[in-house]
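The residues making up each chain are set out below.
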Number of protein chains: 2
Amino acid sequence: MRASEIRALFAVASRPEVVSLAGGMPYVQALPVEMLTDTVERLLRERGPVALQYGSGQGDVTLREQILDVIGEVGISAHPDDIVVTTGSQMALDLVTRVFCNPGDVVLVESPSYVGALGVFRAYECDVVHVAMDDQGLEPTALREAIAAVRASGRSIKLIYTIPSFHNPAGVTQGPERRREILAIAREAGIALLEDDPYGLLGFEGEPPRAIRADDADGVIYLGSFSKTIASGLRVGWAVAPHGVRDKLVLAAEAAVLCPSNYAQLTVSEYLATQPWREQIKSFREVYRERRDAMLDALDTLMPAGTTWTVPAGGFYSWLTLPEGLDATAMAPRAIANLVAYVPGTGFYVDGQGRRNMRLSYCYPEPDRIREGVRRLAGVIESEIELVHTFGSAGPASPPSGSAVPAPDLA
Amino acid sequence: MRASEIRALFAVASRPEVVSLAGGMPYVQALPVEMLTDTVERLLRERGPVALQYGSGQGDVTLREQILDVIGEVGISAHPDDIVVTTGSQMALDLVTRVFCNPGDVVLVESPSYVGALGVFRAYECDVVHVAMDDQGLEPTALREAIAAVRASGRSIKLIYTIPSFHNPAGVTQGPERRREILAIAREAGIALLEDDPYGLLGFEGEPPRAIRADDADGVIYLGSFSKTIASGLRVGWAVAPHGVRDKLVLAAEAAVLCPSNYAQLTVSEYLATQPWREQIKSFREVYRERRDAMLDALDTLMPAGTTWTVPAGGFYSWLTLPEGLDATAMAPRAIANLVAYVPGTGFYVDGQGRRNMRLSYCYPEPDRIREGVRRLAGVIESEIELVHTFGSAGPASPPSGSAVPAPDLA
């Protein structure tokens, strides 16, 4: 699928009669709008001239102090000076890549990986190498082998990019022991670990997983975001980085945007200072847990044999694998015709893998719509299975181009 | 002066007892805060879920339509699809450079040029070549010669970067005939013209100058901003670009930040739809005109002979040239000690020029403070002249490093 085809697909998928299990849009409707209206009104009344002015390239210092409380929830202790506020954590990804990578440098990523990160690595002409995952995420033996193989080929590895908690798109989470192993491998190899954690506070069971950065302040760059815990439309994210990296990120940020929006930053800051944000995150968790349950129930009940999926313990996504012989990319237009949309798995790889996979999002539609969407999808898959039995493999419609772009609703 | 020294200087310069003629911060206090409070309250009440959600990578379509009205003021007619909304026009600068330039490509810039643009061109390892200006800005003969010389050296010129109206830092404006000549030269040479116009609506006399883009939709990329006409803290700017460039800018923008902030964009959109924005810009103009007059009066009255400056017809800046033998960079700490700050001219060049120059901003301080600042500055310059007469040239304090960074208050 080419970028233009994906765009066309999304244009159709956004029609109201289509159940979209494609987009990664948080359900911002779950945020009581008065919480923000009160916040911004007070902000403009009390600190209007600051909120409307240029600010520091590194980000507002009070907000950076408040971010310490947020990342404290995943076990990180840091200093406000370690933090760089960015226009969404996507921009932090962009800046880190800009600082670390030259064209041809290797970035190791999970298999599959976040489409927006792949877009950044490609934009900087990095050589992206996928590393296998299992049901606990990034697989240590595969990671060791990938490092050895890349180095044997004479190439330089600049970053290991990982989403340890509630992975996008894989829906899996690294356990504590797994995190320790991955960190040990990265340290031993002397490669910076780029830990992307937009969903860390959106777990459905127990405490939020402890971040890898909580156990290594020097070798790990941690990316966080308010997109899923407050609102994505604010575009406020951050990086926590070791001193030398932090300095370079700030210089790069100043060249890129001068400074992040004070208006958005101080809205977040005022919200954190005056609203019960921990309770609000709890209520987001409840919303997403209910939707996850609706999706898993429907998958269990309706999916034909041979279809498998991951069981997410948090976040927004499940990763589905079709029976042998089926092709999620080729099937996408038929799914749309049956009024259900998903993201074909190939978008999450740079190398054409993922044809039997799709990402299913349960974050945005209401539970009943999720059930209806899964019902339609199961119907499409059943028809495909019949076709394959009758005529042989549906086969690839077109060679994978790997040119999927990170359309915002893939976020 | 090194980046760290400039930062230290600004840290001191921000102390309340110092009159800062250094920063380029708009006087956002001139915007009645209720205009925005009402706006954002209505926005969140009526369209909260959209304002708080991810949006399109190209920017909100309604806002793009409204931007057509704004750029209509400088004679541009375009289509909403020609516009890409960015996180401040700084980000548009970054994206255009990313799309056009490879390391070693030449960008022609004015002499002096905007420090934030130089920072971007440097970040992408462009080879920046300064072209002389006169009191009507970029000088056509010098431009022709620069193109010929660069091409004779076998290098490739990717962009001509110009600020035609109320130049930062030079304080000069290209007349209509000058603009025609520059456009003709760029077209003949087949080089894209990057027209940066943050101050175009802030002229003090007559109609806003007609943009170069108004006379060429194919060869000119136009950058605009709400930073100076509404509020810089929103970080909403835009590029108007020909079709093929526009597509690449959107892809680059999606990789960099996924999408600009809907919250900030829709705040601007709602403001434009419901508030008397043209009248508000008029009142900004009055504020800045009064301050410009205060500065020019004070300069006329107080500056020692041999000191010259440009007379801006709009915008935020005058460019001052010291008498022979004086050095604005070396003098900066002495000025700070005398409680007045400016930006030394060297920051606006990549090649060490500008040692006799400084940028004076009249945008932020009240008129009385401007007069007091100029009085202090005149005293410092007089002492320097005496020193030079007594002991010979003050001489360069340290070799120019060209490493000035675009600190936000240099914007």
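On to the overall build of chain A, then. Helix and strand counts for chain A stand at 13 helices and 14 strands. Over its C-alpha atoms chain A spans a radius of gyration of 21 Å, differing by no more than 12% from the 22 Å that the globule rule assigns to 411 residues. Seen through its principal axes, chain A has C-alpha atoms that stretch 70 × 55 × 40 Å. Relative to its full complement of 411 residues, chain A shows a buried share of 57%. A separation threshold of at least 6 residues defines the contact pool for chain A, and within that pool the share at least 24 residues apart is 77%.

The subject of this paragraph is the interface of chain B and chain A. Every contact between the two is made by 52 residues of chain B and, on the other side, 52 residues of chain A. Of all elements in the fold, only α2 (33-51), α4 (88-100), α5 (115-123), α9 (243-257) and α10 (262-274) of chain B reach the threshold of two or more residues within the side of chain B that touches chain A. When residues in the side of chain B that touches chain A are grouped by element, the largest group, ten residues, is from α2 of chain B.

Here we take up the environment of Pro208 of chain B. Residues and elements named next belong to chain B. Note that Pro208 resides in the loop between β7 (192-196) and β8 (220-225). Considered as a pair, Pro208 and Ile370 are 162 residues apart in the sequence and their alpha carbons are 26 Å apart. For Pro208, the contacting residues outside a window of four places in its chain are Glu73, Val74, Gly200, Leu201 and Gly203.

The transformation that overlays chain B on chain A combines an axial shift of 0.0 Å with a rotation of 180°, and the residual RMSD is 0.0 Å. One copy is carried onto the other by what is essentially a two-fold rotation axis. The residues that chain B uses at the interface reappear at the interface of chain A in 100% of cases, marking a shared surface.

Turning our eyes to something else, we now look at the sheet that holds strand β14 (residues 357-361) of chain B. Residue and element names in this part refer to chain B. The strand order β10-β11-β14-β13 describes an open sheet built from four strands, whose pairing is antiparallel. Single-partner strands in this sheet number two, and they are β10 (308-309) and β13 (343-344). Bridge count for β13 against β14 is two bridges, and the pairing is antiparallel. In the strand pairing of β14, Pro344 is matched with Met358.

Attention now moves to the domain arrangement of chain A. Residue and element names in this part refer to chain A. By domain assignment, chain A separates into domain 1 (3-24 + 279-410) and domain 2 (33-274). Here the C-alpha centre of domain 2 lies 26 Å away from the C-alpha centre of domain 1. Listed by partner, the interface residues are 29 residues for domain 1 and 24 residues for domain 2. Of all elements in the fold, only α11 (277-302) and β11 (317-321) reach the threshold of two or more residues within the side of domain 1 that touches domain 2.

The step from Asn168 of chain A to Pro169 of chain A runs through a cis peptide bond, and the omega angle for that step is 10°. Within the element layout of this structure, Pro169 of chain A appears in the loop between β6 (157-162) and α7 (176-189). A positive phi angle, close to 65°, is found at Leu339 of chain B, a residue other than glycine. Examined against the element boundaries, Leu339 of chain B turns out to sit in the loop between α12 (328-337) and β12 (340-341). On the basis of neighbour count, Leu339 of chain B is assigned to the partly exposed category, with 18 C-beta atoms found within 10 Å.

All names here are of chain B. Across the five residues of β14, five count as buried, placing the element largely inside the fold. Judged by which residues are buried, β14 turns out to be covered on both faces: Asn357, Arg359 and Ser361 on one side and Met358 and Leu360 on the other are all buried. In terms of strand pairing, strand β11 (residues 317-321) meets β14 through five bridges, oriented antiparallel. Looking across to β14, one finds that Tyr317 is bridged to Ser361.

All names here are of chain B. At their nearest, the axes of α4 and α5 sit 10 Å apart, and the two run at 30° to each other. Classified by the angle their axes make, α4 and α5 are roughly parallel. Helix-helix and strand crossings are classified by hand; for α4 and α5 the assignment is right-handed. Between α4 and α5, the contacting residues are Gln90, Leu93, Asp94 and Thr97 on the first element and Gly116, Ala117, Val120 and Phe121 on the second. Class assignment for the residues of the contact of α4 with α5 results in four nonpolar, three polar and one charged.

Turning to the packing of helix α2 (residues 33-51) of chain A against helix α10 (residues 262-274) of chain A, a few remarks are in order. Residue and element names in this part refer to chain A. The interhelical angle for the contact between α2 and α10, taken along N-to-C directions, is 125°, at an axis separation of 9 Å. By the angle between their axes, α2 is oblique relative to α10. Judged by the sense of rotation from one axis to the other, the crossing of α2 with α10 is right-handed. Residues Met35, Leu36, Thr39, Val40, Arg42, Leu43, Arg47, Val50 and Ala51 of α2 form the contact with α10, whose participating residues are Asn262, Tyr263, Leu266, Thr267, Glu270, Tyr271 and Thr274. Counted by class, the contact of α2 with α10 contains nine nonpolar, four polar and three charged residues.

Our next topic: the sheet that holds strand β4 (residues 127-134) of chain B. Backbone-to-backbone hydrogen bonds pair the strands of a sheet. The strands run either parallel or antiparallel. All names here are of chain B. Read across the sheet, eight strands follow the order β2-β9-β8-β7-β6-β3-β4-β5 without closing on themselves; strand pairing throughout is mixed. With partners counted over all chains shown, the strands left at the sheet margins are β2 (83-86) and β5 (137-138), one partner each. Looking at chain direction, β7 and β8 are connected through four bridges and run parallel. Bridged to Glu195 within β8 is Tyr222. Set on the sheet, α4 makes contact with β2, β6 (157-162), β7, β8 and β9 (237-240); between it and β9 the angle comes to about 40°.

Bringing the nonpolar core into the picture now. Note that soluble globular proteins tend to have their nonpolar side chains buried in a common cluster. Val84, Ala239 and Leu249 of chain A together with Ala239 of chain B are the most contacted members of the largest nonpolar core, which totals 262 residues. Ranked by residues supplied to this core, first place goes to helix α9 (residues 243-257) of chain A with eight residues. Sequence-distant contacts of Leu249 of chain A, defined by excluding residues within four places in its chain, comprise Val84, Leu95, Val96, Val99, Ala239 and Ala241 of chain A.

Our focus in this paragraph is helix α6 (residues 140-152) of chain B. Since the α-helix packs 3.6 residues into each turn, any two residues three or four apart lie on the same face. Residue and element names in this part refer to chain B. With 13 residues, α6 should reach 18 Å at 1.5 Å per residue; the first-to-last C-alpha distance of 18 Å fits that figure. Those residues of α6 that sit buried are Leu143, Ala146 and Ile147. Around the axis of α6, the buried residues are gathered within 100° of arc, so they sit on the same side. Counted as exposed and oriented over 90 degrees from the buried face of α6: Thr141, Ala148, Ala149 and Ala152. Structurally, α6 contributes buried residues whose contacts are with β3 (106-111), β4, β5, β6 and α7 (176-189). Positive backbone phi, approximately 85°, marks Gly154, located one or two places after α6.

Each value, and the rule that gives it
Residues numbered from 1 in each chain as written. Chains lettered and ligands numbered in written order. Predicted model: local features only at pLDDT ≥ 70, side-chain atom pairs only at ≥ 80, totals over all residues. Helix = DSSP H or I, 4+ residues; strand = E, 2+ residues; numbered from the N terminus. Rg over C-alpha atoms; globule rule 2.2 N^0.38 Å. Buried ≥ 20, exposed ≤ 12 C-beta atoms within 10 Å, placed from the backbone. Contact = placed C-beta atoms within 7 Å. Least-squares fit on C-alpha atoms with pLDDT ≥ 70 in both. Pairing = 2+ DSSP bridges. Domains from an automatic or database assignment. Axes fitted to C-alpha atoms, helices over the stretch in contact; angles between N-to-C directions. Parallel < 35°, antiparallel > 145°, perpendicular 65-115°, else oblique. Left-handed = near helix turned anticlockwise from the far one by under 90°. Nonpolar A, V, L, I, M, F, W, Y, C, P; charged D, E, K, R; others polar. Core = buried A, V, L, I, M, F, W, Y, C linked by C-beta atoms within 7 Å. Expected span 1.5 Å × (residues − 1). Arc of directions from axis to C-beta.

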